[in-house]
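Structural overview for review
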Amino acid sequence: MDSRVSELFGGCCRPGGGGAGGALRGRGGAAPGGGGSKAKKKNGRSRGGKANNQDGNIEYKLKLVNPSQYRFEHLVTQMKWRLQEGRGEAVYQIGVEDNGLLVGLSEEEMRASLKTLRRMAEKVGADITVLREREVDYDSDVPRKITEVLVRKVPDNQQFLDLRVAVLGNVDSGKSTLLGVLTQGELDNGRGRARLNLFRHLHEIQSGRTSSISFEILGFNSKGEVVNYSDSRTAEEICESSSKMITFIDLAGHHKYLKTTIFGLTSYCPDFAMLVVSANTGIAGTTREHLGLAMALKVPFFIVISKVDLCSKATVERTVKQLERILKQPGCNKLPLLVNSDDDAVTAAQQFAQSPNITPIFTLSSVSGENLDLLKVFLNILPPLTNSKEQEELMQQLTEFQVDEIYTVPEVGTVVGGTLSSGICREGENLVVGPTDDGKFLRLKVCSIQRNRSACRVLRAGQAATLALGPFDRSLLRKGMVMVSPEMNPTICSVFEAEIVLLFHATTFRKGFQVTVHVGNVRQTAIVEKIHGKDKLRTGEKAVVRFRFIKHPEYLKIGAKLLFREGVTKGIGHVTDLQAITTKENGLEESLGPGQLSF
């Protein structure tokens, strides 16, 4: 956002001032044919600054006082465009010129402008929420204000905005407890009561430690109010009442479950990561490792310092300073932003989405509820990383669904869970799944779809869901498979090359070394066949390496992010070349065994 707007909401209120920009400008500007009313130059001050572009979901409007019918229809069309760009969300800044100059409006003009904005929102089936107001000094005797308003569309046909947030952090840092408090709407008793509903296994309840990946949902309605289990009995009711959904992916903190945590980060494609740090222990255990994983996979992350009720103010400040020092190091190169008020939370949400270097830090307690509302404000305003155009392009591609989980449900049959990478998947659609151990693809039919635990007819690119496959034999499936459109002719490989950086290795990394490779939802041991141009690698060195999967072929794509590990050895990179075995060589599995469905 323009530096002037940034300064205003950052607490520095002078209309012509410069400043460390980037606070509120976002990805926005005027919509096609748009543009607010124009104010003339005052007292020789120029209206210099960035002109708005056509993309994004942020709109500047100087004033919206009594527009004509033609002008009103034009403004409504503009709002539809903004909502489409923000996938159901838009931010309007009233009292700001198109070029970012802070003019402000009198009380009466602001009231009339908000009334018009409310009428516009009603026309498109949306609701408005005032995020914040600020006074601006514009050489006038009358106090002048700028108001920032969130416009959110009431969802049609389950098309609520869905953001996935992976929850990282050391063991006993309070991850599951925080999610329990957010999603259940009740504070913890200090002994872990809030987390009990999140655990999936008896040993997790007994030890108090998460060992598997679980999902929890937190909804926000079109007015920005929290929708959770405190006022909704079922997940289906939460989905029906929400126009924005946050899906939390609760990952394991203990080091022995690291492979599960990496699988959650690589296969479930989180939009953001929340790193939870205990205020009383600071950066300990796997905290640095989880931070490094989020950075290696380029997942934008924010930090929550929990358990502040157990510590003195000095201890909390020491933990904050410790985090700030690590974030500012050359390896991280992040700009920490401590959130202490609602205003900070709004600024943090908008800066965080547009700048990869901003890292918001929250200090809160799941027992006393201190600063919990600031995190909710932040999550409510947090915009999606992709706009509607990018999603439409993905939807136009052929269907590709990653298989991350496999279940057998009584009276339903085999069910797979995962994410639709591209295309559209409909109930009753015929797909092929593979590769099997011998590299073949099997035919199957999607019997029904559930998204966020409620029935859904159509699944769109980027959405996570579970698909019921009826009587399909579960033993033929495994994690890491893909379900694709039969027209795709998918390529699979056992041998591939990747450009890697060796993050850590105790000695030297040589030909013949075995590592566990993670590429998306694929997780398999591979052997190093060749290091191009070198005999060995040491910590910090780069090279192109040829890997061979030791068990069965996998479906990979050139350019996919790769992460490998073996004990303390770790490295990252991306796939550069595949020695493909095409399905024309391997063929579709034509002999349909028990439970396999034909077209």
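Residues numbered from 1 in each chain as written. Predicted model: local features only at pLDDT ≥ 70, side-chain atom pairs only at ≥ 80, totals over all residues. Heavy atoms only, no water.

Some remarks on the packing of aromatic side chains
Counted according to the given criterion, the structure contains 13 aromatic pairs. Ring centres 6.2 Å apart and planes at 75 degrees place the aromatic pair Phe 302 and Phe 362 in the edge-to-face group. In this pair, Phe 302 is assigned in strand E10 (residues 301-306) and Phe 362 in strand E12 (residues 358-363), connecting sequence segments 60 residues apart. With a relative accessible area of 0%, Phe 302 lands in the buried category. Site record: aromatic cluster; members linked through ring pairs are Phe 496, Phe 509, Phe 513, Phe 547, Phe 549 and Phe 564. Looking at Arg 119, its charged tip hangs above the ring of Phe 72, at a distance of 4.2 Å from the centre. (Phe/Tyr/Trp six-rings, centres within 6.5 Å; stacked < 30°, edge-to-face > 60°. Helix = DSSP H or I, 4+ residues; strand = E, 2+ residues; numbered from the N terminus. Buried < 20%, exposed > 50% of the residue type's maximum accessible area, 1.4 Å probe, protein only. Lys NZ or Arg CZ within 6 Å of the ring centre and 35° of its normal.)

A few points about the confidence of the model for the protein chain
Confidence in the prediction for the protein chain averages 82 pLDDT; 82% of positions are at 70 or higher. Ignoring residues within four places in sequence, the model shows residues 1-51, a span with pLDDT below 50, making 157 contacts including any to other chains. The model gives residues 589-599 a pLDDT under 50, and that stretch makes 26 contacts with residues more than four places away or in other chains. (pLDDT = per-residue confidence, 0-100. Contact = heavy atoms within 4.5 Å.)

Considering a nonpolar patch on the surface
Together, Leu 503, Phe 504 and Val 568 make up an exposed nonpolar region whose accessible area comes to about 270 Å². Topologically, Leu 503 is positioned in strand E23 (residues 491-504). Exposure remark for Leu 503: the relative accessible area of 43% places this residue in the partly exposed category. (Patch = residues over 30% accessible without salt bridge, like charges linked within 9 Å, V, L, I, M, F, W, Y side chains within 5 Å. Areas by Shrake-Rupley, 256 points an atom, 1.4 Å probe, with all protein chains shown as cover. Salt bridge = Lys/Arg side-chain N within 4 Å of Asp/Glu carboxyl O.)

Quick word on the sheet that holds strand E4 (residues 144-153)
With respect to topology, four strands assemble into an open sheet ordered E1-E2-E4-E3, the strand pairing being mixed. Of all the strands in the sheet, just strand E1 (58-61) and strand E3 (126-136) have a single pairing partner and so form its edges. Geometrically, the sheet is characterised by an average inter-axis angle of 20 degrees between neighbouring strands, direction not taken into account. As paired strands, E1 and strand E2 (residues 89-94) are joined by four bridges and run parallel to one another. Bridge pairing in E2 links Tyr 60 to Gln 93. On top of the sheet, helix H2 (residues 69-85) reaches E1, E2, E3 and E4; it is set at about 130 degrees to E2, its chief contact. This element, helix H10 (residues 342-354), spans E2, E3 and E4 of the sheet and lies at about 110 degrees to E3. (Pairing = 2+ DSSP bridges. Axes fitted to C-alpha atoms, helices over the stretch in contact; angles between N-to-C directions.)

Some words on unusual backbone geometry
Cis geometry is found at the peptide bond from Gly 434 to Pro 435, where omega equals -5 degrees. Within the secondary structure, Pro 435 sits in the loop between strand E16 (430-434) and strand E17 (442-445). One non-glycine residue, Asn 66, lies in positive phi territory at about 45 degrees. By the element assignment, Asn 66 lies in the loop between E1 and H2. In this model, Lys 307 sits at a positive phi of 60 degrees, which is unusual for a non-glycine residue. Residue placement: Lys 307 occurs in the loop between E10 and helix H9 (313-327).

Some points on the sheet that holds strand E8 (residues 244-250)
Taken together, the eight strands give an open sheet; going across it, the order is E7-E6-E8-E5-E9-E10-E12-E11, and neighbouring strands pair in mixed fashion. The open sheet is flanked by strand E7 (226-227) and strand E11 (335-338), the only strands paired with a single partner. Examined bridge by bridge, strand E6 (residues 214-220) and E8 share seven bridges and lie antiparallel to one another. Among the inter-strand pairings, Gly 219 is bridged to a residue of E8, identified as Met 245. Here helix H4 (residues 175-184) sits on the sheet and contacts strand E5 (161-169), E6, E8, strand E9 (272-278) and E10; the angle it forms with E8, its principal contact strand, is near 155 degrees. Sitting on the sheet, helix H11 (residues 372-381) touches E6, E7, E8, E9, E10 and E12, and the angle it makes with E8 is about 115 degrees.

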